[in-house]
Amino acid sequence: MKMVMAIVQNDDAEKVLDDLTAIGYRVTKIAATGGFLRRGNSVLLVGVEASLVDGVLDTLRRRCHARRWPVGAAAVSAFSQGTTAAPIEVPVGGATVFIWDVERYVRL
Ligand code: 2BA
């Protein structure tokens, strides 16, 4: 069994949840905050048989879109090191995905 942990933008999370639950995947959504932009995002935890991981990745590819967001003042000032910096944007997403082996899965 594998654990798929996907960090996605809030705007995409509901569609991913809809698709995954409709085809029978069990999913947990956790509200989170990105360390760089300090914007809300969503962490989706999906425990699946190894053979189903590609199906999860297909859904994430289909539903998660890259966007550009302005960088907050704190991050700009950290990068500019005291010099005046024009507002900048960074690309965010589709999805950042980590996959690891699950040693044991128990539902009590
Ligand atoms: P944030 O940390 O808010 O980062 C948002 C976007 O800002 C990133 O998009 C990336 O394009 C940019 N960014 C982040 N750190 C940067 C840095 N030190 N210098 C320049 N640009 C930087 P994504 O790469 O698509 O990441 C989206 C969100 O996924 C991140 O939100 C973070 O919550 C999570 N994430 C990404 N990589 C991660 C990792 N290796 N470990 C844990 N969380 C990660």
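Residues numbered from 1 in each chain as written. Predicted model: local features only at pLDDT ≥ 70, side-chain atom pairs only at ≥ 80, totals over all residues. Heavy atoms only, no water.

Draft legend 1. Structural context of the site of the ligand. Taken together, the neighbourhood of the ligand is formed by 13 residues, with F36, L37, N41, P91 and G93 sitting nearest. Here an oxygen atom of the ligand sits 3.2 Å away from a polar atom, N or O, in the main chain of G35. At 3.1 Å from an oxygen atom of the ligand is found a side-chain nitrogen or oxygen belonging to N41. Starting from 750 Å² of accessible surface for the ligand in isolation, the protein chains cover 54%. Those elements that place two or more of their residues in the shell around the ligand are strand 5 (89-92) and strand 6 (95-101). (Near = heavy atom within 4 Å. Polar contact = N/O pair within 3.5 Å; in protein donor to acceptor, adjacent residues only side chain to side chain. Areas by Shrake-Rupley, 256 points an atom, 1.4 Å probe, with all protein chains shown as cover. Helix = DSSP H or I, 4+ residues; strand = E, 2+ residues; numbered from the N terminus.)

Draft legend 2. Region of interest: the sheet that holds strand 1 (residues 2-9). The 4 strands are arranged 2-3-1-6 in an open sheet whose pairing can be described as antiparallel. Each of the sheet's edge strands pairs with one partner strand only, and the pair in question is strand 2 (27-33) and strand 6. Mean inter-strand twist for the sheet, computed between neighbouring axes without regard to direction, equals 20°. Inspection of the sheet shows strand 1 paired to strand 6 by 7 bridges, in the antiparallel sense. Looking at strand 6, one finds that M3 is bridged to W100. (Pairing = 2+ DSSP bridges. Axes fitted to C-alpha atoms, helices over the stretch in contact; angles between N-to-C directions.)

Draft legend 3. The pattern of salt bridges, seen in detail. Taken as a whole, this structure holds 7 salt bridges when the rule is applied. The salt bridge involving D58 is made with R61; its shortest N-O contact spans 3.3 Å. Of this pair, D58 and R61 both sit in helix 2 (residues 53-63), 3 residues apart, which is roughly one turn of that helix. The class for D58 is partly exposed, based on a relative accessible area of 42%. (Salt bridge = Lys/Arg side-chain N within 4 Å of Asp/Glu carboxyl O. Buried < 20%, exposed > 50% of the residue type's maximum accessible area, 1.4 Å probe, protein only.)

Draft legend 4. How the structure looks around the side chain of D12. Tracing the sequence through the fold places D12 in helix 1 (residues 10-22). Excluding residues within four positions of it along the chain, D12 makes contact with R63, C64, H65 and R67. (Contact = heavy atoms within 4.5 Å.)

Draft legend 5. Spatial organisation of the packing of helix 1 against helix 2. Contact geometry of helix 1 with helix 2 gives a least axis separation of 9 Å together with a crossing angle of 145°. The interaxial crossing formed by helix 1 with helix 2 has right-handed handedness. Of the residues in helix 2, those touching helix 1 at D12, K15, V16, D19 and L20 are V56, T59, L60, R62 and R63. Per-class residue counts for the contact of helix 1 with helix 2 are 4 nonpolar, 1 polar and 5 charged. (Left-handed = near helix turned anticlockwise from the far one by under 90°. Nonpolar A, V, L, I, M, F, W, Y, C, P; charged D, E, K, R; others polar.)

Draft legend 6. Highlighting the pairing of strand 3 (residues 40-48). Direction of pairing for strand 1 relative to strand 3: antiparallel, over a ladder of 8 bridges. Pairing of M3 across the sheet is with G47, part of strand 3. In this sheet, strand 3 lies alongside strand 2 in antiparallel orientation, the contact comprising 7 bridges. Looking at the pairing, A32 lines up with N41 of strand 3. Linkage of strand 2 to strand 3, two consecutive antiparallel strands, is achieved through a turn of 6 residues, within which R38 is found at a positive phi near 60°.

The values are spatial; any link to function lies outside them.
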